[in-house]
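So you can see what is in the structure, the chains are spelled out below.
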Protein chains: 2
Amino acid sequence: MKPIRSESLFAVALLAMLAFTASIARAADALPSWNDGPAKQSIVAFVEKVSRPGSPEFVPVPERIAVFDNDGTLWCEKPLPVQLYFVIDRVKALAPRHPEWQTTEPFASILKGDLGAVMAGGERAIMELFMVTHTGNTAEEFEQIVKDWVATAKHPRTGRLNTEMVYQPMLEVLAYLRANGFKTFIVSGGGIEFMRPWTEKIYGVPPEQVIGSSVRTKFELRDGKPVLVRLPELNFNDDKGGKPVGINQHIGRRPVMAFGNSDGDLQMLQWTAAGPGARFSLYVHHDDADREYAYDRKDHLAKLDQGLDEAAAKGWTVVSMKDDWKTIYPSEKK
Amino acid sequence: MKPIRSESLFAVALLAMLAFTASIARAADALPSWNDGPAKQSIVAFVEKVSRPGSPEFVPVPERIAVFDNDGTLWCEKPLPVQLYFVIDRVKALAPRHPEWQTTEPFASILKGDLGAVMAGGERAIMELFMVTHTGNTAEEFEQIVKDWVATAKHPRTGRLNTEMVYQPMLEVLAYLRANGFKTFIVSGGGIEFMRPWTEKIYGVPPEQVIGSSVRTKFELRDGKPVLVRLPELNFNDDKGGKPVGINQHIGRRPVMAFGNSDGDLQMLQWTAAGPGARFSLYVHHDDADREYAYDRKDHLAKLDQGLDEAAAKGWTVVSMKDDWKTIYPSEKK
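These figures come from a predicted structure and were not determined experimentally. (Residues numbered from 1 in each chain as written. Chains lettered and ligands numbered in written order. Predicted model: local features only at pLDDT ≥ 70, side-chain atom pairs only at ≥ 80, totals over all residues. Heavy atoms only, no water.)

Description of the overall build of chain A
(1) Moving on: Across its full length, chain A holds 13 helices and 8 strands.
(2) Moving on: If you line up chain A on its principal axes, its C-alpha atoms span 95 × 50 × 35 Å.
(3) Moving on: In chain A, the proportion of contacts linking residues at least 24 apart, taken out of those at least 6 apart, comes to 65%.
(4) Moving on: Carbon and sulfur atoms provide 56% of the accessible area of chain A, an area that totals close to 15000 Å².
(5) Moving on: Once the 40 positive and 43 negative side-chain charges of chain A are each reduced to a mean point, those two points are 4 Å apart. (Helix = DSSP H or I, 4+ residues; strand = E, 2+ residues; numbered from the N terminus. Contact = heavy atoms within 4.5 Å. Areas by Shrake-Rupley, 256 points an atom, 1.4 Å probe, with all protein chains shown as cover. Lys, Arg positive; Asp, Glu negative; His and termini not counted. Charge placed at Lys NZ, Arg CZ, Asp CG, Glu CD.)

Listed below in structure tokens is the structure:
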């Protein structure tokens, strides 16, 4: 056969271009709830460049670690973070065993339906509420309590299950990353054992890829049966500077991509961004009062203030829920 | 076509039998360094029954979690656990910065080459030695120190690299389990950051599947650069009752299979065995003074005493290194 050099070079180039365009198209299809804008483009461009063999910024599969905050990043955290409603319902469920709560704050107010009372006592009172409602049982008992609660607990405004108040565009990002060889982890200030019973079903994230705050547990043999007892003592606070610590403790590698929505996620995004090679940090900005909630610099519980400045300074992706997301919740999918 | 019922039923049964036999054969081949005995048979029979679809004891892939102790279970822990040699070498490396060590115990004895001095001071002195040699740097600096040390550190008796003193039959078990959908985790009393730099290469176990003892770390910005600083304070002691605690903290599910070699692993094996459904607990018994070491009930550092009794009472698998293992180390493979 006669060699036709320039033609075959052209054919190869054409094929490569087609393959590249096709792969971009596939990637774009993986995020149908995202409007075509800089946020979506930044995600797709990053995943393309780290996963395409031969790319100068290629990252081997075992190192493709992506970390996601939970409250406000994967599911709705307003009017209060979901776990606080769990605290309130647990106070009500445990009240018959604690007659003294009828006259002791913050229990008395909570039992009268005053949710503001949860926050009013400050950090110390909140910690006490968490310990009282989250401990004194075994790991297995607590898991069952959470499972039962999550199966029916509804959002106070929409009346939908909390597990339906997850962000459809973020579910798509989780699936898109996994389809491209990423291991997806949750790194949340919320309780690790409060999340694990449902994250696999709702997010596709198995328990061993969930990092969160925790209480101390103790191994015991009870009548010869081994149990893990949950003690009323904080083991680890997975917030702010605790997030990189938790990531290092659980994963032992620095993530390549990090997703958050508040100043509590800033250190996680900094830690991720500061690694060598290609890194990606993203903030979800809650600016959609009509479809969800609008809050940022002055929010009491989930302030995004320093984070917005640092994102601007460092060129991190900031997602406008209003402009970047076609749909917010899975139920709105067309 | 005429239906030939009995013949086709026979054909189906024959095919099923052939498939079953073939799968047993494949499994057996996966453990070539094991002699055909009750230990090997118990492993293969268990993996078959939990992984064969339709088996009454079938375990879905996400729940196939197997945990392995490291020292004495995956690699040689005699005459001293490897990490103690690291401590000794770190003392020597740091000595120029600590002239006072020349006259302070246990440093003075260690610097004179008296290895017994490491153990002589008891738990408190050992803890001090660990803190002095394992902290005061960043997570990244420590990782590099471990990598450099492991690349050249040799076993005092054989002169082989420590990473060559791993047990070939256990490497085969790790690979066999992974081929059957198991996630393999290391759960060791050893330092989590002492293992992670090399477990992926040596055992195929990635850093996020390594659980171990740890020191506290703290997130800091140093000249704007985020670092994790290793503090001279114990964070978690992953031994005895700490092992189920560590498993629950990192994995969040109860393992289906557990492998250990000392009383320090007993609670991990109990915790695993006590779960519902099929469970498997195994002890490696060091009874081969010729090819490795012989130690159990009275050993100072890695006693297997209660564990031997409990294994006998509960019918756990006990591996005789002498009788069950054809080869001990990869270098002996034929």
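Things to note about the relation of the copies chain B and chain A
(1) Moving on: Overlaying chain B with chain A gives an RMSD of 0.0 Å, the required rotation being 180° about an axis along which the chain moves by 0.0 Å. On this basis, the relationship between the two copies can be described by a two-fold rotation axis. Minimal C-alpha separation from the rotation axis in chain B is found for B:His250, amounting to 3.2 Å.
(2) Moving on: With an isologous cut-off of 70% or more, the 100% of interface residues of chain B that recur at the interface of chain A puts this contact in the isologous class. (Least-squares fit on C-alpha atoms with pLDDT ≥ 70 in both.)

A look at the interface of chain B and chain A
(1) Moving on: Each side of the interface is counted separately: chain B has 37 residues, and chain A has 37 residues.
(2) Moving on: Roughly 3000 Å² is buried in total at the junction of chain B and chain A, and carbon and sulfur atoms are behind 50% of that figure.
(3) Moving on: Inspection of the chain B/chain A interface yields 8 salt bridges.
(4) Moving on: A salt bridge links B:Glu208 to A:Arg253; the nearest nitrogen and oxygen atoms lie 3.3 Å apart.
(5) Moving on: Taken together, chain B and chain A are joined by 22 residue pairs in polar contact (both at pLDDT 80 or more). (Buried area = accessible area lost by both parts, 1.4 Å probe. Salt bridge = Lys/Arg side-chain N within 4 Å of Asp/Glu carboxyl O. Polar contact = N/O pair within 3.5 Å; in protein donor to acceptor, adjacent residues only side chain to side chain.)

Some details on the side chain of B:Arg230
All names here are of chain B.
(1) Moving on: With respect to the secondary-structure elements, Arg 230 resides in strand β4 (residues 225–236).
(2) Moving on: Buried and unpaired, Arg 230 has no salt bridge, with Glu 193 as the nearest side chain of opposite charge at 5.0 Å.
(3) Moving on: A polar contact of 2.8 Å, which involves the side chain of Arg 230, links it to the backbone oxygen of His 134.
(4) Moving on: Not counting chain neighbours up to four residues away, the residues in contact with Arg 230 comprise His 134, Thr 135, Gly 136, Asn 137, Thr 138, Ala 139, Phe 142, Glu 193, Val 215, Arg 216 and Thr 217. (Buried < 20%, exposed > 50% of the residue type's maximum accessible area, 1.4 Å probe, protein only.)

Points about the nonpolar core
Side chains that are nonpolar tend, in soluble globular proteins, to be buried together.
(1) Moving on: Ranked by internal contacts, the top residues of the largest apolar core, which has 71 residues, are A:Leu177, A:Tyr203 and A:Met257.
(2) Moving on: The greatest single-element share of this core, amounting to 8 residues, is contributed by helix α3 (residues 82–94) of chain A.
(3) Moving on: Those residues in contact with A:Leu177 that sit more than four places away from it in its chain are A:Val47, A:Ala66, A:Phe68, A:Phe182, A:Thr184, A:Met257 and A:Phe259.
(4) Moving on: Listed in part, the 69 residues of the second largest apolar core include B:Val44, B:Tyr85, B:Met195 and B:Trp325. (Core = buried A, V, L, I, M, F, W, Y, C linked by side-chain atoms within 4.5 Å.)

Some remarks on unusual backbone geometry
(1) Moving on: Omega for the peptide link from A:Lys78 to A:Pro79 comes to 0°, which places this bond in the cis form.
(2) Moving on: Inspection of the secondary structure puts A:Pro79 in the loop between β1 (65–68) and α3.
(3) Moving on: Although it is not a glycine, B:Lys240 sits at a positive phi angle of roughly 50°.
(4) Moving on: Looking at the secondary structure, you find B:Lys240 in the loop between β4 and α10 (242–250).
(5) Moving on: A relative accessible area of 45% means that B:Lys240 is categorised as partly exposed.

Things to note about the pairing of strand β5 (residues 257–260) of chain A
Residues and elements named next belong to chain A.
(1) Moving on: The alternating pattern of β5 places Met 257 and Phe 259 on one face and Ala 258 and Gly 260 on the opposite face, and all of these are buried.
(2) Moving on: Across 3 bridges, β1 lies against β5 in parallel orientation. In the sheet register, Ala 66 faces β5, and the bridge partner there is Met 257.
(3) Moving on: Direction of pairing for β5 relative to strand β6 (residues 280–287): parallel, over a ladder of 4 bridges. (Pairing = 2+ DSSP bridges.)

Re the layout of surface pockets
(1) Moving on: One number sums up the size of the second largest pocket: a volume of about 970 Å³.
(2) Moving on: As for the second largest pocket, its lining consists of 32 residues, and the residues nearest its centre are A:Gly252, A:Arg253, B:Glu143, B:Lys147 and B:Pro197.
(3) Moving on: Contributing elements (two or more residues each) for the lining of the second largest pocket: α10 (242–250) of chain A together with α7 (139–152) and α9 (192–203) of chain B.
(4) Moving on: When the residues that make up the lining of the second largest pocket are grouped by side-chain class, the tally is 15 nonpolar, 5 polar and 12 charged. (1 Å grid on protein atoms, 1.4 Å probe; cavity = no way out; pocket = protein on both sides within 12 Å on 5 of 7 lines; lining within 4 Å. Points joined across faces, edges and corners; volume = space filled by probe spheres on them. Nonpolar A, V, L, I, M, F, W, Y, C, P; charged D, E, K, R; others polar.)

Observations regarding the packing of aromatic side chains
(1) Moving on: Applying the stated rule across the entire model yields 28 aromatic pairs over all chains.
(2) Moving on: With a centroid separation of 5.3 Å and an interplanar angle of 45°, the aromatic rings of A:Phe46 and A:Phe280 are classed as tilted. Here A:Phe46 is found in helix α2 (residues 38–51), whereas its partner A:Phe280 is found in strand β6, with 234 residues between them in sequence.
(3) Moving on: Judged by its relative accessible area of 4%, A:Phe46 is buried.
(4) Moving on: Arranged with centres 6.0 Å apart and planes meeting at 50°, the rings of B:Trp149 and B:Phe194 form a pair that is tilted. Placement of the pair is B:Trp149 in helix α7 and B:Phe194 in helix α9, with a sequence separation of 45 residues. Here B:Trp149 and B:Phe194 have matching classes, each one buried.
(5) Moving on: Of the aromatic side chains, those joined through ring pairs into one cluster are A:Trp34, A:Tyr167, A:Trp325 and A:Tyr329.
(6) Moving on: The ring of A:Tyr295 carries A:Lys78 above its face, with NZ or CZ at 4.5 Å from the centroid. (Phe/Tyr/Trp six-rings, centres within 6.5 Å; stacked < 30°, edge-to-face > 60°. Lys NZ or Arg CZ within 6 Å of the ring centre and 35° of its normal.)

Section: the packing of helix α2 (residues 38–51) of chain B against helix α8 (residues 168–179) of chain B
Angle between the axes and distance between the axes are the two parameters that describe a pair of packed helices.
Residue and element names in this part refer to chain B.
(1) Moving on: In contact at an axis separation of 11 Å, α2 and α8 are set at 15° when each is read in the N-to-C sense. Taken together, the axes of α2 and α8 lie roughly parallel to each other. The hand of the α2/α8 crossing is right-handed. Contacts between α2 and α8 involve Ile 43, Val 44 and Val 47 from the first element and Val 173, Tyr 176 and Leu 177 from the second.
(2) Moving on: In terms of residue class, the contact of α2 with α8 is made up of 6 nonpolar, no polar and no charged. (Axes fitted to C-alpha atoms, helices over the stretch in contact; angles between N-to-C directions. Parallel < 35°, antiparallel > 145°, perpendicular 65-115°, else oblique. Left-handed = near helix turned anticlockwise from the far one by under 90°.)

As for the pattern of salt bridges
Residue and element names in this part refer to chain B.
(1) Moving on: A complete count under the given rule lists 38 salt bridges over all chains for this structure.
(2) Moving on: Between Arg 222 and Glu 220 there is a salt bridge; the shortest N-O distance is 3.3 Å.
(3) Moving on: For Glu 220, a relative accessible area of 25% translates into the label partly exposed.
(4) Moving on: Ionic pairing is found between Asp 239 and Lys 240, a salt bridge with its closest N-O pair at 3.8 Å.

Description of the environment of B:Asn70
(1) Moving on: With respect to the secondary-structure elements, B:Asn70 resides in the loop between β1 (65–68) and α3 (82–94).
(2) Moving on: Sequence-distant contacts of B:Asn70, that is, excluding residues within four places in its chain, are made with B:Trp75, B:Ile186, B:Val187, B:Ser188, B:Met195, B:Trp198 and B:Tyr203.

Thoughts on the environment of A:Phe130
(1) Moving on: The residue A:Phe130 is located in helix α6 (residues 122–134) in this model.
(2) Moving on: Leaving out residues up to four positions away in the same chain, A:Phe130 has contacts with A:Gln83, A:Leu84 and A:Val87.

Topic: the confidence of the model for chain A
(1) Moving on: Predicted confidence across chain A gives a mean pLDDT of 92, with 91% of residues reaching 70 or more.
(2) Moving on: Listed scores for the predicted complex are pTM 0.91 and ipTM 0.91. (pLDDT = per-residue confidence, 0-100.)

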